[in-house]
Amino acid sequence: MSEQITNELKKLTAIANDLELSGELRGQSIKAISNIGTHEALLALLDLAANEKLSPDERDLALKQARGIIKSSR
């Protein structure tokens, strides 16, 4: 995986975990992580789904996006 994608994934994950940002912005970053579609993005989404500090809706969104990556890799 290229360094640029790795850096983008790190930035998006930081945004998705930042509870001081709006839920809408965190949701957009979760969707952007999903668009990367790599194995590392899948792991990042699963980590977000396991984060008990996020709202249940955000955790569910992360899980749905992770499911999408799995389905697309078949």
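Parameters and conventions
- Residues numbered from 1 in each chain as written.
- Predicted model: local features only at pLDDT ≥ 70, side-chain atom pairs only at ≥ 80, totals over all residues.
- Heavy atoms only, no water.
- Salt bridge = Lys/Arg side-chain N within 4 Å of Asp/Glu carboxyl O.
- Helix = DSSP H or I, 4+ residues; strand = E, 2+ residues; numbered from the N terminus.
- Buried < 20%, exposed > 50% of the residue type's maximum accessible area, 1.4 Å probe, protein only.
- Core = buried A, V, L, I, M, F, W, Y, C linked by side-chain atoms within 4.5 Å.
- Expected span 1.5 Å × (residues − 1).
- Contact = heavy atoms within 4.5 Å.
- Axes fitted to C-alpha atoms, helices over the stretch in contact; angles between N-to-C directions.
- Parallel < 35°, antiparallel > 145°, perpendicular 65-115°, else oblique.
- Left-handed = near helix turned anticlockwise from the far one by under 90°.
- Nonpolar A, V, L, I, M, F, W, Y, C, P; charged D, E, K, R; others polar.

Go over the pattern of salt bridges with me, naming the residues and quoting the values.
What the rule picks out here adds up to 2 salt bridges. We note a salt bridge from Arg-26 to Glu-58, for which the minimum N-O separation is 2.7 Å. Of this pair, Arg-26 sits in helix α2 (residues 23-36) while Glu-58 sits in helix α4 (residues 56-72), placing them 32 residues apart in sequence. Note on Glu-58: relative accessible area 8%, which makes it buried. In this structure, Lys-64 engages Asp-60 in a salt bridge whose closest nitrogen and oxygen atoms are separated by 3.3 Å.

Give a detailed account of the nonpolar core, specifying residues and quantitative values.
Counting residues in each nonpolar core, the largest one holds 16 residues, and the members touching the most others are Ile-30, Ile-33, Leu-45, Leu-48 and Ala-62. At the level of elements, α1 (3-17), α2, α3 (39-50) and α4 are the ones that each hand at least two residues to this core. Of the residues forming this core, the biggest block, 6 residues, is contributed by α3.

Describe α2, listing the residues and the values that go with them.
Taking 1.5 Å of rise per residue, the 14 residues of α2 would be expected to cover 20 Å, and the 20 Å separating its terminal C-alpha atoms lies within 8% of that figure. Buried positions along α2 lie against α1, α3 and α4. Note on α2: the residue one or two positions beyond its end, Gly-37, has a positive phi of about 70°.

Tell me about the packing of α3 against α4, and name the residues and values.
Running from N to C, α3 and α4 point in directions that differ by 155°, and their axes come no closer than 8 Å. By the angle class used here, α3 and α4 are roughly antiparallel. For α3 against α4, the interelement crossing comes out left-handed. Touching Ala-41, Leu-42, Leu-45, Leu-46, Leu-48, Ala-49 and Ala-50 of α3 are Arg-59, Ala-62, Leu-63, Gln-65, Ala-66, Ile-69 and Ile-70, all from α4. Of the residues assigned to the contact of α3 with α4, the class counts are 12 nonpolar, 1 polar and 1 charged.

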